[in-house]
Amino acid sequence: MAKARYIMIGGFLGAGKTTGVLQLARLLNQQNLRVGLITNDQSHGLVDTSLLSSHGFPVEEITGGCFCCKFNSLANASTRLSKNQQPDVFIAEPVGSCTDLKATVDYPLRRMYGDNYRIAPLSVMVDPIRALRILELEPGKSFSRKVVYIYRKQLEEADIIIINKIDLLQPERLQTLRQAMDRHFSPARLLALSARQGRGLDNWLSAITKPLSCSPQDLEIDYTIYAEGEALLGWLNCSVQLTSKSPFDGNTFLLDTVGVIQRRSRALNKEIAHLKITLTPDEHGQDIGVANLVGSDLSPELSHSLKESLETGQLIVNLRAESTPDILRSVVQDTFAGLQQNGELDLKVEHMECFRPNRPTPTHRLKSSESESLAEGGHSSAS
Ligand SMILES: Nc1nc2c(ncn2[C@@H]2O[C@H](COP(=O)(O)OP(=O)(O)OP(=O)(O)O)[C@@H](O)[C@H]2O)c(=O)[nH]1
Ligand SMILES: [Mg+2]
């Protein structure tokens, strides 16, 4: 039986990974290939899982830690998908604050599961506005030094750097960013695309399916700085049952809610990495609305619109910001209190978790020279 291809798409919070996963999955389906998706977070209640499932793709969710710390869960989830769906292609999206993925996920997968999977080169996606700011090519809000350390490590280990969202950029700004990526990170490949518009996906897919021409360097990384950088990011996941006295427009509700959380965070000078909220009506089958915000001073947007108004539904809020968990909790709780003030809406919080990610302690950490498949006993390539 042919080995399934295993694609991992890394990149910082809000870069557009899930949008890219969805578009690649659609493209692969059009080529009559079966796809299995794997999402990941420090906790459960994931916007990404609900979104990808709503499009009818089989999704496994790894919660409670990143892929590197939950390597066995990742391997088991892949085996479950293989058993139930026999995917030709797996696409896995790690947590957006994770790095060192080649040493802790790619190489161990190659070594232990090399007879099942062909591990694709690692794609790392970037939001160009965020990148221009973090690389100090343009002014604008960024993160603390240790968070920027993680961001840069993600780019350093990339086989393919994907500059996403080119629909937002003038050619000169794209050129500036391309040159900086080449100068600082010299990735094996640099691609620019718009996941949202589906532009450049064919090039990406063909880059993923080609072997790398150069042998990868092992990433040098200080796990103390990495852990401290991750711990500067507060995490909030919550699920809420929403009931209204009369039908309401869920799209306006989503954008308004994101707007209120944005204003409250800005007033406290907390930089949002990614705020995403889904609203799934209890009726209307697969309908889903998703609103996002990828920077405190950017505009909230509706990435998926609800087709009909609703009276009851499930709200999922995932907020990642440079802030303490307690502040995130009070920002969101105060927002919910405000939404219920006129008595029209009732919000019942079913689950709310706020925390800082724990220190990453990978199950395995290998050098590229140790990534040969044990099963084949030969040299394992990235093809
Ligand atoms: N303009 C534009 N927006 C995009 C594009 N791709 C993604 N986005 C938007 O960027 C935001 C974040 O996208 P996601 O796909 O959720 O990003 P992510 O990297 O999966 O985020 P995390 O899972 O939180 O790390 C959403 O509002 C998307 O609609 C693109 O090509 N162009
Ligand atoms: Mg995502």
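Now for a description of the structure that goes with this document.

What counts as what
Residues numbered from 1 in each chain as written. Chains lettered and ligands numbered in written order. Predicted model: local features only at pLDDT ≥ 70, side-chain atom pairs only at ≥ 80, totals over all residues. Heavy atoms only, no water. Axes fitted to C-alpha atoms, helices over the stretch in contact; angles between N-to-C directions. Helix = DSSP H or I, 4+ residues; strand = E, 2+ residues; numbered from the N terminus. Parallel < 35°, antiparallel > 145°, perpendicular 65-115°, else oblique. Left-handed = near helix turned anticlockwise from the far one by under 90°. Contact = heavy atoms within 4.5 Å. Nonpolar A, V, L, I, M, F, W, Y, C, P; charged D, E, K, R; others polar. Buried < 20%, exposed > 50% of the residue type's maximum accessible area, 1.4 Å probe, protein only. Pairing = 2+ DSSP bridges. Phe/Tyr/Trp six-rings, centres within 6.5 Å; stacked < 30°, edge-to-face > 60°. Polar contact = N/O pair within 3.5 Å; in protein donor to acceptor, adjacent residues only side chain to side chain.

What follows is about the packing of helix α1 (residues 17–30) against helix α2 (residues 47–54). One can describe the packing of α1 onto α2 by two numbers: an axis separation of 11 Å at closest approach and a directional angle of 20 degrees. Judged by the angle between their axes, α1 and α2 are roughly parallel. The chirality of how α1 crosses α2 is right-handed. Taking contact as the criterion, the partners of Thr18, Val21 and Leu22 in α1 are, on α2, Asp48, Leu51 and Leu52. A class-by-class count of the residues in the contact of α1 with α2 yields 4 nonpolar, 1 polar and 1 charged.

Turning our eyes to something else, we now look at unusual backbone geometry. Negative phi is the rule for most residues except glycine; trans is the rule for most peptide bonds. Even without glycine at this site, Asn32 takes up a positive phi of about 60 degrees. In this structure, Asn32 sits in the loop between α1 and β2 (35–40). Take Asn32: its relative accessible area is 70%, and that puts it in the exposed class.

Let us now look at the sheet that holds strand β14 (residues 345–355). Taken together, the 6 strands give an open sheet; going across it, the order is β12-β11-β10-β13-β9-β14, and neighbouring strands pair in antiparallel fashion. Edge positions in the sheet fall to β12 (301–304) and β14, since each has one partner strand and no second. On average, each strand axis in the sheet is inclined to that of its neighbour by 20 degrees, with strand direction left out of account. Both strand β10 (residues 272–281) and strand β11 (residues 289–293) contribute to a ladder of 5 bridges, which runs antiparallel. Paired with Leu279 across the bridge in β11 is Gly289.

What follows concerns α2. Of all 8 residues in α2, 6 are buried, a share of seventy percent or more. Remark: Gly56 follows α2 within two positions and exhibits a positive phi of approximately 85 degrees.

Under the counting rule described, the total for this entry stands at 9 aromatic pairs. With a centroid separation of 4.9 Å and 55 degrees between ring planes, the pair formed by Tyr6 and Tyr117 is classed as tilted. Taken together, the residues span a long stretch of sequence, with Tyr6 in strand β1 (residues 4–11) and Tyr117 in strand β5 (residues 117–119) at a distance of 111 residues. Both residues of the pair, Tyr6 and Tyr117, belong to the buried class. Judged by centre distance (6.4 Å) and plane angle (45 degrees), the ring pair of Phe71 and Tyr113 falls under tilted. Residue Phe71 is found in helix α3 (residues 71–85), and its partner Tyr113 is found in helix α4 (residues 101–113); the two are separated by 42 residues along the sequence. Ring pairing ties together the aromatic residues Tyr6, Phe71, Phe90, Tyr113 and Tyr117, which thus form one cluster.

Within the secondary structure, Asp127 is located in the loop between β6 (123–126) and α5 (128–134). Between the C-alpha atom of Asp127 and that of Lys17, which follows or precedes it by 110 residues, the distance is 9.7 Å. Leaving out residues up to four positions away in the same chain, Asp127 has contacts with Gly14, Ala15, Tyr151, Lys165 and Val294. Side-chain polar atoms of Asp127 contact the backbone nitrogen of Ile129, separated by 2.8 Å.

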